[in-house]
Amino acid sequence: MKNHITLRDVLIATFVSIVLTNPVRAEYVEPNIKHAPYGEVKVVVPITSDDPAVWLFRLRNVGNGITVTGGLGGGMQVKIVMYGAGIKLLSQPIDPKIKEAIDAARAAGAQFNVCNVTLKGMKLDWHALYGLKEEDIVPSGFAEVGWLASHGWAVDPAN
């Protein structure tokens, strides 16, 4: 019986040797801003998804953005505008992780706005939404995002 070494055998041996000799390590990199200091940053975060994973991701982004800009001598104003299915973010009962993320975003200064068109369309009483005040209701969530974008607010495109 002949011993044949195939390309597959060589590739597997190479992969195994790389993995075993190069342990995975993470290194932190100091931020290196190549532009002017952040100053005041204004971001509107539209939420139209009913996916809790998306909500947590977006709320985490808000917290990170506020923390980083503040730590670098700037500041960040954030408006989270919910419309369509996104309004479910504040629907009760709320998962404890989501409640904690909402509370953290509010404590950091983020403002939450809800679309009145969606409230009417879904026949929701705004009193039933977590932490919502009457002044947090905007006529149209979509129009609010557009208005803010045309008045100097960056729109976070992730959704």
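Numbering of residues begins from 1 in every chain and follows the order in which that chain's sequence is written. Local features in this predicted model are restricted to residues whose pLDDT is 70 or higher, and side-chain atom pairs enter the listing and the counts only when it is 80 or higher, whereas totals over whole chains, interfaces and linings include all residues. Neither water nor hydrogens contribute to the side-chain values; these are computed over all heavy atoms in the structure.

A. The arrangement of helix H2 (residues 52-71) in detail. Over its 20 residues, H2 extends 28 Å from the first C-alpha to the last, a length consistent with the 28 Å expected when each residue adds 1.5 Å. As used in this structure description, the phrase polar contact means that two N or O atoms lie within 3.5 Å; if the pair is within protein, one of them must be able to donate a hydrogen and the other to accept it, and residues adjacent in sequence are counted only when both atoms belong to side chains. The secondary structure listing takes helices from DSSP runs of H or I that are at least 4 residues long and strands from runs of E that are at least 2 residues long, numbered from the N terminus. Capping the start of H2 is the job of one residue whose side-chain oxygen sits 2.9 Å from the backbone nitrogen of alanine 53: aspartate 51. Positive backbone phi, approximately 85°, marks glycine 73, located one or two places after H2. One less than the residue count of a helix, multiplied by 1.5 Å, gives the span that helix is expected to have.

B. Examining the packing of H2 against helix H3 (residues 96-108) more closely. A fitted line through C-alpha atoms represents every axis, and for helices the fit uses only the stretch in contact; the resulting angles, taken between N-to-C directions, go from 0 to 180 degrees. Between H2 and H3, whose axes approach to 10 Å, the crossing angle comes to 25°. As summarised for this structure, H2 and H3 are arranged roughly parallel, according to the angle between their axes. Considering the relative orientation of H2 and H3, their crossing is left-handed. Where H2 approaches H3, its residues Pro52, Trp55, Leu56, Leu59, Val62 and Ile66 are matched on the opposing element by Lys97, Ile98, Ala101, Ile102, Ala105 and Ala108. For the contact of H2 with H3, the per-class residue count stands at 11 nonpolar, no polar and 1 charged. The scheme is simple: roughly parallel for angles under 35 degrees, roughly antiparallel for over 145, roughly perpendicular for 65 to 115, oblique for anything else. By convention the crossing between two helices is left-handed if the near helix lies anticlockwise of the far one by an angle smaller than a right angle, and right-handed if it lies clockwise. Contacts: residue pairs with any heavy atoms within 4.5 Å of one another. Side-chain classes are defined by residue name, with Ala, Val, Leu, Ile, Met, Phe, Trp, Tyr, Cys and Pro counting as nonpolar, Asp, Glu, Lys and Arg as charged, and the others, Gly among them, as polar.

C. A look at the packing of aromatic side chains. A pair of Phe, Tyr and Trp rings is counted when the ring centres sit within 6.5 Å of each other, with Trp represented by its six-membered ring. The angle between the planes then sorts it: under 30 degrees is stacked, over 60 is edge-to-face, the rest tilted. In the structure shown here, the tally under the stated rule is 1 aromatic pair. Here the guanidinium or amino end of arginine 106 rests over the ring plane of phenylalanine 112, the centre of that ring lying 4.7 Å away. Counting as a charge over the ring demands two things of the Lys NZ or Arg CZ atom: a distance within 6 Å of the ring centre and an angle within 35 degrees of the ring normal.

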